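# Remarks on the overall topology
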Amino acid sequence: MERTDPRYRHFVQILREELVPAMGCTEPIAIAYGAARAREILGKLPERMLVEASGNIIKNVKSVVVPNTGGLKGIEAAAAAGAVAGEAEKILEVISAVTEEQKAAIRDYLTSHEIVVRPAPGDVVFDIILTLWAGGDRVRLRIADYHTNIVLIEKNGETLLKCGAVVASGSEGVTLTDRSCLSVEAIVDFADTVDVEDVREMVERQLDYNCAIAREGMENDWGANIGRVLREYYGEDVKVRARYMAAAGSDARMSGCEKPVIIVSGSGNQGLTASVPVAVYAGELGVSHEKLLRAVTLSDLLTIHMKTGIGRLSAYCGAVSAGCAAGGAIAYLHGGGCREVSHTVVNALATISGMICDGAKPSCAAKIAAAVDAGVLGFHMFRSGQQFRGGEGIVTRGVEETIANIGRLGRLGMRETDREIIRIMTGE
């Protein structure tokens, strides 16, 4: 792909928008970000707060530890952390610099101030509406569709902002780049031909951050310790290492580790899954650093492509897309081109599509391990001359058609599944 090709510029911009740092699970962090921004506009600590959240936000915040809070969980904890100690200019690292005194202040705020949580009105899948009061002042702020997308700010009835998008850089009113230019063939072409300097800083930061939290997960006691269990009982083969290192990053992240990750498609778990297994295989194969950067670029864009049709949040586990993408990148590290990557992705999707998302929590690490395993299996199937064929289940002839089917399944077919998961989790 030539640099003059409009898609080239779009692909680099998509990566720039997606590969951003976040500390903690991105849904509670989005609440903390919104609370910090609303408090900034209010100009004082709120006396009370109302948080209205869509079902998928409630699902993803319920069971995950909010970092830098001393182990607190839930929407109230995220909102309090943002209002008391958040630095809105840090976006998804909004509570990365909380002091011990501020941790105590967050706990005190939760016991002495009212924070009401309600389901958001309407049927927007990703929706957070925060209302803060102090004295006679009131601020209302809404985040919709993705984690940094502030679409409405009101103060004392006056509309300060009403727009469609806020990108991760925090530039209000700038929409995300159209993802319709993505295809497996174009992504492989881009990975082959991109000037590595155009992606180096972003991808190297992703590898540095995500491998660091993976090592933390292996070295210390986090969550259900899925990474350490895999190593103990399955050994050190590269196929196992790829699984346990990615899982270990999630072990730490889901249980409140204060190390940041680089996210993909709005998810730290997807960012880990798309990058860490690829780094493990690159080390095993002894490929050049440039080849590793190209492979991770491929994995990131494949993840984004597969997730675009599904949406940011759904009943479809996002680790599936990233695990299948990692399998495609592993095929690429072995010298594969578009054909090998495409068949690997289809084989992997046929194996594991349908794994549910029941919120952010320690079991996400186990789901990541299963997704990476499916990606690796998909590659080895094709290597052995085996494949799932069009007409078998949801597999259709052609990788793009199969990806479209997965998007339809996750976005439309699993809507009622999503509602039932939320009902189960909330005890309805």
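Structure shown above.
Each value, and the rule that gives it
- Residues numbered from 1 in each chain as written.
- Predicted model: local features only at pLDDT ≥ 70, side-chain atom pairs only at ≥ 80, totals over all residues.
- Heavy atoms only, no water.
- Phe/Tyr/Trp six-rings, centres within 6.5 Å; stacked < 30°, edge-to-face > 60°.
- Helix = DSSP H or I, 4+ residues; strand = E, 2+ residues; numbered from the N terminus.
- Buried < 20%, exposed > 50% of the residue type's maximum accessible area, 1.4 Å probe, protein only.
- Lys NZ or Arg CZ within 6 Å of the ring centre and 35° of its normal.
- Disulfide = S-S within 2.5 Å.
- Contact = heavy atoms within 4.5 Å.

A few words on the packing of aromatic side chains. The final tally for this structure, using the stated rule, is two aromatic pairs. Geometrically, the ring pair formed by Phe 11 and Phe 190 is edge-to-face, given 5.2 Å between the ring centres and 75° between the ring planes. Here Phe 190 lies in helix α6 (residues 184–193) and Phe 11 lies in helix α1 (residues 6–18), a separation of 179 residues in the sequence. This pair shows no difference in class: Phe 11 is buried, exactly as Phe 190 is. Grouped by ring-pair contacts, the aromatic residues Tyr 8, Phe 11 and Phe 190 constitute a single cluster. In this structure, Arg 48 is placed above the aromatic ring of Trp 133, and the distance from its NZ or CZ to the ring centre is 3.9 Å. The lysine or arginine in question, Lys 291, covers the ring of Tyr 332, its NZ or CZ lying 3.9 Å from the ring centre.

Another aspect to go through is the state of the cysteines. Counted according to the given criterion, the structure contains zero disulfides. The structure places no disulfide on Cys 324, whose sulfur is separated from the nearest cysteine sulfur, that of Cys 317, by 10 Å. Looking at Cys 324, the relative accessible area reads 0%, which means it is buried. Free cysteine: Cys 338, not disulfide-bonded; nearest cysteine sulfur from Cys 181 at 16 Å. With relative accessibility at 29%, the residue Cys 338 sits in the partly exposed group.

Turning our eyes to something else, we now look at the side chain of Asn 347. Its location among the elements puts Asn 347 in helix α13 (residues 338–352). Filtering out sequence-adjacent residues up to four positions away, Asn 347 remains in contact with Gly 378, Met 381, Phe 382, Gln 386, Gln 387 and Phe 388.

Distances and angles like these do not, on their own, reveal function.
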